[in-house]
Amino acid sequence: MRYFLEFAYNGTHYHGWQLQPNTKTVQETLTHAISTLLRTPIELVGAGRTDAGVHAKQMFAHFDFDEPFEKANLVQKMNSFLPEDIVVFDIHTVADEAHARFDATARTYEYHMHLFKDAFCNDLSFYHFRPLNVELMNEAAKILFEYEDFECFSKTHTDVFTFNCTIYKAEWEVKDNNKLVFTVSANRFLRNMVRAIVGTLINVGLEKITLDDFRKIIESKNRGNAGFSVPGKGLFLTKVSYPYL
């Protein structure tokens, strides 16, 4: 039978989601936990992959297991077994052909920034002390809806068949007068895409580039023309949507 594991993690001490040799990853940690508790090797297939230091408030991975087990009991055991920066919320029974990555219809990310020095949020937010024109940044964010090809925001030399993505939402919000949150939803994201979009929008907010420049950057399909990649610590995967969950 196939199951979806629903979980969250603070990515500060992990080199991203995906299993890699000689480094600590979320996938490795979760796989070890569930394989140990079910007493058989388990393969976890994630909804996507997050980079080093990036967090997830909601993430899914599927696995196959044919023996009966009590889901609530396994959730409890996993949360006792796992380190404090990973939490399992639920285990969902799904159809045998369900796929955590390919069946996802949308993914939503948030990027968190603080604009005044804060001693308590530095691990989960990017400190940017220079004034930003948030209204202009939101005007630039709307331009994203006009395009599908986002090669200019993709990490170079990535093995993908297409750079096309459909963006459903892109919006900046000011919170508590000191914090900025950028929310972006799309059917798929390229590697480093959100962090590159945010860095480029910051350049718009600093009025280093115009709205017309922003369009030209997208149309250039050249990563070298886009802005800097903001640190991973401010990025959260907040929601993965499926038609059956």
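Only a predicted model underlies this, so the values are computations on that prediction, with no experimental measurement involved. (Residues numbered from 1 in each chain as written. Predicted model: local features only at pLDDT ≥ 70, side-chain atom pairs only at ≥ 80, totals over all residues. Heavy atoms only, no water.)

Novice: Tell me about helix H4 (residues 193-205), residues and numbers included.
Specialist: Every α-helix carries 3.6 residues per turn, so stepping three or four residues along brings you back to the same face. Look at H4: 18 Å from first C-alpha to last across 13 residues, which is about the 18 Å you get at 1.5 Å a residue. Within H4, 13 of the 13 residues are buried, which leaves the element mostly enclosed by the surrounding structure. Once H4 finishes, Glu207 follows within two positions and takes phi at roughly 60 degrees, a positive value. (Helix = DSSP H or I, 4+ residues; strand = E, 2+ residues; numbered from the N terminus. Expected span 1.5 Å × (residues − 1). Buried < 20%, exposed > 50% of the residue type's maximum accessible area, 1.4 Å probe, protein only.)

Novice: Would you mind going over the UniProt feature "active site" (unreviewed entry) in the protein in detail, with residue names and values included?
Specialist: Per the UniProt record, the feature "active site" (unreviewed entry) sits at Asp51. Take Asp51: it is sitting in the loop between strand S2 (45-46) and strand S3 (55-64). In contact with Asp51, other than residues within four places in its own chain, are Gly16, Arg191, Asn192 and Arg195. (UniProt positions renumbered as here; feature names shortened; annotations may be inferred. Contact = heavy atoms within 4.5 Å.)

Novice: Got a sec to walk through the side chain of His99? Specific residues and values, please.
Specialist: Along the polypeptide, His99 turns up in the loop between strand S4 (86-94) and strand S5 (106-114). There is a polar contact of 3.1 Å between the side chain of His99 and the backbone nitrogen of Arg101. Separated by 3.1 Å, the side chain of His99 and the backbone nitrogen of Phe102 make a polar contact. Apart from the residues within four sequence positions on either side, His99 is in contact with Phe4, Val45, His62, Ala104, Tyr242 and Tyr244. (Polar contact = N/O pair within 3.5 Å; in protein donor to acceptor, adjacent residues only side chain to side chain.)

Novice: Pulling in residues and values, what's your account of the domain arrangement of the protein?
Specialist: Domain annotation for the protein reports domain 1 (2-93) and domain 2 (106-241). A straight line from the C-alpha centre of domain 1 to that of domain 2 covers 27 Å. Every contact between the two is made by 15 residues of domain 1 and, on the other side, 17 residues of domain 2. Buried area between domain 1 and domain 2, both sides added, is near 1200 Å², and the carbon and sulfur share of it is 50%. If you sort the residues of domain 1 by the area they bury against domain 2, His55, Lys57 and Gln58 come out on top, with a joint share of 42%. (Domains from an automatic or database assignment. Buried area = accessible area lost by both parts, 1.4 Å probe.)

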